[in-house]
Amino acid sequence: MPIKWSALKVSEAMDMIEGFIEQAAEPLEQAKIVATEARKISDIPQYVDGRLVCLIVNIERIDSIRSSIEAVRESLPSGAAAEEQKRIESGNQLVLVA
């Protein structure tokens, strides 16, 4: 039974999201380094250190985002995006013989 929604569009959206995440990965890694170094400031209050730890944990969630992207891809019906792409490339020709 064919699906009524576009697996190809979902796959393309995941590609775009992944591209944006990859662009953000290096700046986020730099931010994590700075936050880690900020924790080493002498006599930093514990409540500030706790917030820095929280910030670092949030930055590290980029791996969770990547896992979510992969989970979406894995939830697509096997081969549906490729089949849809093939249909688009072949055009809308009428089939004379079934």
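Residues numbered from 1 in each chain as written. Predicted model: local features only at pLDDT ≥ 70, side-chain atom pairs only at ≥ 80, totals over all residues. Heavy atoms only, no water.

Q: So what's going on with the overall build of the protein? Which residues, and what values?
A: In terms of regular secondary structure, the protein is built from 4 helices and 0 strands. Along its sequence from the N terminus, the protein presents helices and strands in the succession α-α-α-α. Within the protein, the fraction of its 98 residues that count as buried is 19%. Counting contacts in the protein only where the partners sit at least 6 residues apart, residues at least 24 apart contribute 78% of the total. Summed over its atoms, the accessible surface of the protein is roughly 7800 Å², and 59% of this surface lies on carbon and sulfur atoms. (Helix = DSSP H or I, 4+ residues; strand = E, 2+ residues; numbered from the N terminus. Buried < 20%, exposed > 50% of the residue type's maximum accessible area, 1.4 Å probe, protein only. Contact = heavy atoms within 4.5 Å. Areas by Shrake-Rupley, 256 points an atom, 1.4 Å probe, with all protein chains shown as cover.)

Q: Give a detailed account of the confidence of the model for the protein, specifying residues and quantitative values.
A: A low pLDDT score tells you not to read the predicted coordinates there in detail. Confidence in the prediction for the protein averages 90 pLDDT; 90% of positions are at 70 or higher. Confidence scores differ between elements of the protein, with helix α4 (residues 80-90) showing the lowest mean pLDDT of 84 and helix α2 (residues 46-60) the highest of 97. (pLDDT = per-residue confidence, 0-100.)

Q: I'd like a description of the pattern of salt bridges, backed by residues and values.
A: Considering all chains together, one arrives at 8 salt bridges under this definition. Residues Arg73 and Asp15 are paired through a salt bridge, measuring 2.5 Å at the closest nitrogen-oxygen approach. One end of the pair, Arg73, is in helix α3 (residues 62-75); the other, Asp15, is in helix α1 (residues 7-38), and 58 residues separate them in sequence. Of the charged contacts in the structure, one is a salt bridge between Asp49 and Arg39, with a shortest N-O distance of 2.6 Å. Remark: Arg39 occurs in the loop between α1 and α2 and Asp49 occurs in helix α2; sequence separation between them is 10 residues. A relative accessible area of 18% means that Asp49 is categorised as buried. Residues joined in a network through salt bridges with shared partners are Asp15, Glu18 and Arg73. (Salt bridge = Lys/Arg side-chain N within 4 Å of Asp/Glu carboxyl O.)

Q: I'd like a rundown of the packing of α1 against α3, residues and numbers included.
A: The contact between α1 and α3 brings their axes to 10 Å, and the two run at 165°. Between α1 and α3, the interaxial angle falls into the category roughly antiparallel. Where α1 crosses over α3, the two elements pack in a sense that is left-handed. Residue-level inspection shows Val10, Met14, Asp15, Ile17, Glu18, Ile21, Glu22, Ala25 and Leu28 of α1 in contact with α3, the latter providing Ile62, Ile65, Arg66, Ile69, Val72 and Arg73. Split by residue class, the contact of α1 with α3 holds 10 nonpolar, no polar and 5 charged. (Axes fitted to C-alpha atoms, helices over the stretch in contact; angles between N-to-C directions. Parallel < 35°, antiparallel > 145°, perpendicular 65-115°, else oblique. Left-handed = near helix turned anticlockwise from the far one by under 90°. Nonpolar A, V, L, I, M, F, W, Y, C, P; charged D, E, K, R; others polar.)

Q: Please provide a residue-by-residue account of the nonpolar core, values included.
A: The biggest cluster of nonpolar side chains holds 5 residues, and these are Met14, Ile21, Ala25, Ile62 and Ile69. Every element with two or more residues in this core is listed here: α1 and α3. Among the elements that line this core, the one with the most residues is α1, at 3 residues. For Ile21, the contacting residues outside a window of four places in its chain are Ile62, Ile65, Arg66 and Ile69. (Core = buried A, V, L, I, M, F, W, Y, C linked by side-chain atoms within 4.5 Å.)

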